[in-house]
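# Coordinate analysis (summary)
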Amino acid sequence: MMLSRKIVPRTIASIVSRAYSADVNRNYDIVVVGGGIVGTASAREILLRHPTLRVAIVEKEPKLAFHQSGHNSGVIHAGIYYKPGSLKAKLCVEGLHLSYKYLDEKNIPYKKVGKLIVATNPVEVERLNDLYQRSLANNVPDVQVVDQAKIKEIEPYCQGLKAIWSPHTGIVDWGLVTQYYGRDFKAAGGDVYINFKVAKFTEAPDNLDYPIVVRSEKGDEIRARHILTCGGLQSDKIAEMTGCSSVPKIVPFRGEYLLLNKEKCHMVRGNIYPVPDPRFPFLGVHFTPRMDGSVWLGPNAVLAFRREGYKWSDINVLELIDALRFPGFIKMASKFVGAGLMEIARSALIPLQVRELQKFIPDIHEYDVTRGPAGVRAQALDNDGNLVDDFVFDHGKGDSALSKNILHCRNAPSPGATSSLSIAKMIADKIEQEFHIGK
């Protein structure tokens, strides 16, 4: 099937992000559900490859990058941690180079502050050596192992026995980057519908050219030939709308940061990370400088009581019950009960969090920090309680348009922001193959 058609002429106003309006052309070749960094980058890539297609993004919030894409540490990762040969490793290293190229082209501010992964005891030194070999296998640029003296040269206030130094790790505002992706998309002729929360997908038997109706909670409708969903924290719920399994289930984990007082921010020049402990699912606290000059410390990892719960008082009873009764969460929580309780304690008691930070910079004290922002991670779990650490694409069952013409990206694992442009290329390839675009 050839999806190539002339774009309808547009006024200047038609390329401005807007809420749904009944007087615009509502038929699209492809609709992307979800205006986070992965959805927006993918929509952009599809339209740049196929400029005659009509493509739209629908986003339930008042702007793009409202949740995970706008609530993260802002790090440009280099690809050190990931299993050699894995898709994550390939996409991250490729994404690193594509990101810096894009940031330079668009004059988006960023800083190459580098990253130290610091071993503070002999056990961590052994793990660090293994991590270094992994980084070499992943072709991480200019990575090296440094000794105590070099650690002090790079980060004068940091202590450690040995470290990995990644000079090309950087920082940027990924929410701002997503807005630039959106500008590219709209300038290429794409439409962005904000405040459009998808309520359901239905078939339109009276219109074989555009067989899928996307309806919002407010009753607004647009029609599509094909749909890509990149729903982030809502990805499993969106997939279930078209008959997909509820698994992998999204369980939200909140990461809470502390803020280093301005008087102490000079003590952190770049990213300072711990050596990952393979016994636990999450990385641990680290030091992250920000583009505005502040320094974030953390995060921890605690269960959020709603999908978009950025503080303890954010509670949605139905969403919380949905998470707590899921067999995969029960198994994971049972396996990591001790670590989970410690994370909760660190959330409640700042001194416990500071104690972890002092392993790296002893001169930081409780009175040097305040409570800071938080983000929520869309953690995909399987029924056995395993963290789903790879990409998951899904279709509904059967031969209907809701099954064949909708592709769900149910999991785009970290580092999704760094890898966003390389992920977008992979998804665009998949869209072309699945929906026979350009053939």
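If you look the chain up in an unreviewed UniProt entry, it shows as L-2-hydroxyglutarate dehydrogenase, mitochondrial from Anopheles christyi. The Cofactor (unreviewed entry) field of the UniProt record for the chain holds the comment "FAD". The record in UniProt for the chain states the following under Catalytic activity (unreviewed entry): "(S)-2-hydroxyglutarate + A = 2-oxoglutarate + AH2".

## Overview of the overall build of the chain
Assigned secondary structure in the chain consists of twelve helices and 21 strands. By the compact-globule yardstick of 22 Å for 439 residues, the chain fits well, its C-alpha radius of gyration being 22 Å. Projected onto the principal axes, the alpha-carbon positions of the chain cover approximately 70 × 45 × 40 Å. In the chain, which comprises 439 residues, the share counted as buried stands at 56%.

## Quick notes on the environment of Val32
Among the secondary structure elements, Val32 is positioned in strand 2 (residues 27–33). Residue classification places Val32 among the buried positions, given a relative accessible area of 0%. In this structure, the C-alpha to C-alpha distance between Val32 and Phe282, residues 250 residues apart in sequence, is 30 Å. In this structure Val32 touches Gly39, Ala43, Ala56, Ile57, Val58 and Leu228, once residues within four positions along its chain are discounted.

## Quick look at helix 10 (residues 350–357)
Among the eight residues that make up helix 10, six are buried, leaving the element largely enclosed by the rest of the structure. Among all positions in helix 10, only Ile350, Leu352, Gln353, Val354, Glu356 and Leu357 are buried. Where the residues of helix 10 are buried, they touch strand 14 (249–260), strand 16 (286–289), strand 17 (295–298), helix 9 (337–348) and strand 19 (369–381).

## Some thoughts on the state of the cysteines
In total, this model carries zero disulfides according to the counting rule given. We note that Cys158 lacks a disulfide partner, and the nearest cysteine sulfur, in Cys265, lies 16 Å from it. Judged by relative accessible area, Cys158 falls into the buried class, the value being 1%. Note on Cys230: no disulfide assigned, nearest cysteine sulfur contributed by Cys409 at a separation of 4.8 Å. Residue classification places Cys230 among the buried residues on the basis of a relative accessible area of 9%.

## Focus on the packing of aromatic side chains
Enumeration according to the criterion identifies nine aromatic pairs in this entry. On the basis of an interplanar angle of 50° and a centroid distance of 4.8 Å, the ring pair of Tyr257 and Trp296 is categorised as tilted. Residue Tyr257 is found in strand 14, and its partner Trp296 is found in strand 17; the two are separated by 39 residues along the sequence. In this structure Tyr257 comes out as buried when scored by relative accessible area, which is 9%. Look at Phe305 and Trp312: their rings are 5.4 Å apart centre to centre, the planes differ by 70°, and that puts the pair in the edge-to-face class. Among the aromatic residues, those joined into a cluster by ring pairs are Tyr28, Tyr193 and Phe196. A cation over an aromatic ring shows up here: Lys112 above the ring of Tyr100, its NZ or CZ 4.5 Å from the ring centre. Above the face of the Tyr180 ring, Arg183 is positioned so that its terminal group lies 4.4 Å from the ring centre.

## Comments concerning the sheet that holds strand 9 (residues 170–172)
Hydrogen bonds along the backbone pair up the strands of a sheet, which may run parallel or antiparallel. Here three strands make up an open sheet; going across it, the order is 4-9-5 and the pairing antiparallel. Every interior strand has two partners, whereas the edge strands, strand 4 (75–76) and strand 5 (110–111), have only one.

## Observations concerning the packing of helix 2 (residues 87–106) against helix 5 (residues 174–187)
Remark: helix 2 packs on helix 5, axes separated minimally by 12 Å, with the N-to-C direction vectors making an angle of 70°. In terms of axis orientation, helix 2 runs roughly perpendicular to helix 5. Taking contact as the criterion, the partners of Ser99, Tyr102, Leu103 and Lys106 in helix 2 are, on helix 5, Trp174, Val177, Tyr180, Tyr181 and Asp184. In terms of residue class, the contact of helix 2 with helix 5 is built from six nonpolar, one polar and two charged.

## Regarding unusual backbone geometry
In most cases, non-glycine residues show a negative phi, while peptide bonds are predominantly trans. Residues Val247 and Pro248 are joined by a peptide bond in cis, for which omega reads 5°. Checked against the element boundaries, Pro248 lands in the loop between helix 6 (235–240) and strand 14. Along the chain, Gly298 connects to Pro299 via a cis peptide bond; the corresponding omega equals 0°. By secondary structure assignment, the location of Pro299 is in the loop between strand 17 and strand 18 (302–303). Non-glycine residue Asp142 carries a positive phi angle of around 60°. Mapped onto the elements, Asp142 comes out in the loop between helix 3 (122–137) and strand 7 (144–147). Since its relative accessible area comes to 51%, Asp142 is described here as exposed. Unusually for a residue other than glycine, His436 sits at a positive phi of about 60°. Its place among the elements puts His436 in the segment after helix 12 (420–435).

Cut-offs used in this document
Residues numbered from 1 in each chain as written. Predicted model: local features only at pLDDT ≥ 70, side-chain atom pairs only at ≥ 80, totals over all residues. Heavy atoms only, no water. UniProt positions renumbered as here; feature names shortened; annotations may be inferred. Helix = DSSP H or I, 4+ residues; strand = E, 2+ residues; numbered from the N terminus. Rg over C-alpha atoms; globule rule 2.2 N^0.38 Å. Buried < 20%, exposed > 50% of the residue type's maximum accessible area, 1.4 Å probe, protein only. Contact = heavy atoms within 4.5 Å. Disulfide = S-S within 2.5 Å. Phe/Tyr/Trp six-rings, centres within 6.5 Å; stacked < 30°, edge-to-face > 60°. Lys NZ or Arg CZ within 6 Å of the ring centre and 35° of its normal. Pairing = 2+ DSSP bridges. Axes fitted to C-alpha atoms, helices over the stretch in contact; angles between N-to-C directions. Parallel < 35°, antiparallel > 145°, perpendicular 65-115°, else oblique. Nonpolar A, V, L, I, M, F, W, Y, C, P; charged D, E, K, R; others polar.

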